[in-house]
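Next come the chains, spelled out residue by residue.
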Amino acid sequence: MKPLDGITVFELGTNIAVPSVARILQHLGAKILKLEPESGDIMRTQAPVLNMTYSDEENPAFDQASVNKNFISLNLKDPKGLAVLFKLLESTDVFVASYRNKALTKLGLSYEALKEKYPRLVYAHFTGVGETGPDKDAPGYDTTSYSARGGVLHALPQKGTPPINPPVAYGDYQASMCLACGVCAALAARERTGRGDKIMVSLHHTALYMMTAAIVSAQFGNEYPMNRMDAPNPINNCYPTKDGRWIQMCIPNYERDHQKLFRMLGLEHLIGQPEYSSLEGILQHKSACKVVEAVESKTSRLDLEDLLKMLKDNDLSCEKAYTMEEIIKDEQAWANGCLQKITYPSGERVLTVPPIRMESIEAAGPSPYIKSRGVGADTARIMKEHGYDDAEIAALTGSGSIYCGK
C-alpha cells in the first residue's frame, strides 16, 4: 500500500508546475483527476519548445508531468459544467490550482468559498509571486517569477557573461516539490483535526529559498555573480580537461586536503607557502586566482576519465559535468529508481521519477507509466463513478457543459 492510496486529487492547472504537484502526489499513491477545457492544457502543444514532436499517440513533453492521470473536461463557464465540478469535490481530498485569485473567485472556487462547504478539503494554490503585495495579480511563469525575480539569472552565470538559459520548467519542478510537501503536511494534520487547510507556494518564494546562501552572504559583501578564477575556495570549483570536458571538484576542507591534491597534480612547490596554505591566507593574499591557474594548468593536460579516477582513488569528491545523454545511461540513476522507461509508437523513451523513495512505495513496486490520453477521455467514466447516468452525461455533453473526448 502506498502512503496516499485512497486520496483523490483534483488538478486545475496548466503547463508544468501544478501538473507536477499532482504527478508527485500520484507517485505517492493518490488518484488524480486532471481538469482541462475542451481546448486542452496548453502543455499538450508545447513540445516544439523542447525540440520534440507530438501527436495524440505520443506526447512525452506533456507526459513528463501527466502520466498516470484521469482526464476530464468541464466547461466551467457553464453553470451545469461548474455544478459537475462541485459534485466531484464532495469526494475530493485535495484541490490544487494555479488559476489566479480573480479567476478562482469569479468561478466560486476560492478557498473562502470552498472551505465551509468542503471542510475536509485540502486547498493548494500555486502562484507566481504570492497572494498579497502589489504584484499579486500579475501573470507568473518559471522564467520570470523564479529565475529572473528570484536572482537565479543574475547569480549563476560566470561574472561578466550574459544571463544563462535555464532548462524549461527548472523552477516549476522545484516549487512543485514544495507544494506537494505542504499538501502532505495538511493531510497529516487533517487526521488529527478533521479539517483541511490552505497551502500557498509561489515560484518567487521558492527561488528565494533556493538562493538562501547567496541572499544572506550578500549582506556581508559576498558578491554575485562570481568568477570561477576568484573562487573563495579554489578547490571547490570546476576545471577543464584535455578532452574538452569539465569536472566539478568539491573539496571543502581546504586546510586538510589541499596538500593531497597538490601532490597528486605535481604542484608540490605550492605546499607550505602562506598564500596557498589556508583559506585565510588565500583571502589575505588574494591568491585564489593563482591557485586556480596552477590547478587548471594540470587538469587541462589530463583526459576526463583519467582525472576522475585520480581524484576518486584519493577519496576526493568530484563528478564530471554530465550531459543529458550520459544521465540517461547512468547506472547509478537506474539503480536508485531515478528514471523509468515508457514505450511510444516511435520506440522506448526515458522519463524521470519524482525524487521520493519510500519503503511502502518500493514494496508496491514501480507503477507502469500510463501515457496521457486525449482531452476528456475519462469524463464519462469519472462522472458515472460519482452517480451520473448515461442520459445525464449525454444531456450535459449535448449542451456543451462537459466534453467526453473524441
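Residues numbered from 1 in each chain as written. Predicted model: local features only at pLDDT ≥ 70, side-chain atom pairs only at ≥ 80, totals over all residues. Heavy atoms only, no water.

(A) Looking closely at the pattern of salt bridges. The full count for this structure, using the stated rule, is 24 salt bridges. For Glu-326, the salt bridge goes to Lys-320, with nearest N and O atoms at 3.5 Å. Between Asp-378 and Arg-373 there is a salt bridge, with the nearest N and O atoms lying 2.5 Å from each other. Overall, the relative accessible area of 6% leaves Asp-378 in the buried class. (Salt bridge = Lys/Arg side-chain N within 4 Å of Asp/Glu carboxyl O. Buried < 20%, exposed > 50% of the residue type's maximum accessible area, 1.4 Å probe, protein only.)

(B) Looking closely at the nonpolar core. One finds Val-9, Leu-25, Phe-126, Leu-179, Val-183 and Ile-199 to be the most contacted residues of the largest nonpolar core, which totals 33 residues. At the level of secondary structure, the elements contributing two or more residues to this core comprise α1 (17–27), β4 (94–97), β5 (122–127), α7 (152–155), α8 (170–193), β6 (198–202) and α9 (203–210). Core analysis: the next-biggest nonpolar cluster, separate from the first, contains 29 residues, Leu-76, Val-84, Leu-88 and Leu-114 among them. (Core = buried A, V, L, I, M, F, W, Y, C linked by side-chain atoms within 4.5 Å. Helix = DSSP H or I, 4+ residues; strand = E, 2+ residues; numbered from the N terminus.)

(C) Fine view of a nonpolar patch on the surface. On the surface, Leu-208, Ile-215, Val-216 and Phe-220 cluster together to form a nonpolar patch covering roughly 380 Å² of accessible area. Take Phe-220: it is sitting in the loop between α10 (212–218) and β7 (238–240). (Patch = residues over 30% accessible without salt bridge, like charges linked within 9 Å, V, L, I, M, F, W, Y side chains within 5 Å. Areas by Shrake-Rupley, 256 points an atom, 1.4 Å probe, with all protein chains shown as cover.)

(D) Geometry of the sheet that holds β7. Read across the sheet, 3 strands follow the order β7-β8-β9 without closing on themselves; strand pairing throughout is antiparallel. The strands lining the two open edges of the sheet, one partner per strand, are β7 and β9 (318–320). This sheet shows a mean twist of 25 degrees between the axes of neighbouring strands, independent of strand direction. As paired strands, β7 and strand β8 (residues 246–249) are joined by 3 bridges and run antiparallel to one another. Residue Tyr-239 lies in a different strand from β8, and its bridge partner there is Ile-247. Here helix α13 (residues 288–299) sits on the sheet in contact with β7 and β8, set at roughly 45 degrees to β7. Seen against the sheet, helix α14 (residues 304–313) touches β8 and β9 and runs at an angle of roughly 165 degrees to β9. (Pairing = 2+ DSSP bridges. Axes fitted to C-alpha atoms, helices over the stretch in contact; angles between N-to-C directions. Contact = heavy atoms within 4.5 Å.)

(E) Quick peek at the sheet that holds strand β12 (residues 402–403). Strand order in the open sheet formed by 7 strands is β6-β5-β4-β1-β2-β3-β12, and the pairing between neighbours is mixed. Of all strands in the sheet, those with a lone pairing partner are β6 and β12, marking the two edges. Summarising the sheet, β4 and β5 pair through 4 bridges and their orientation is parallel. In the strand pairing of β5, Ala-97 is matched with His-125. Running at roughly 170 degrees to strand β1 (residues 8–12), α1 makes contact with β1, β2 (31–36), β4 and β5 of the sheet.

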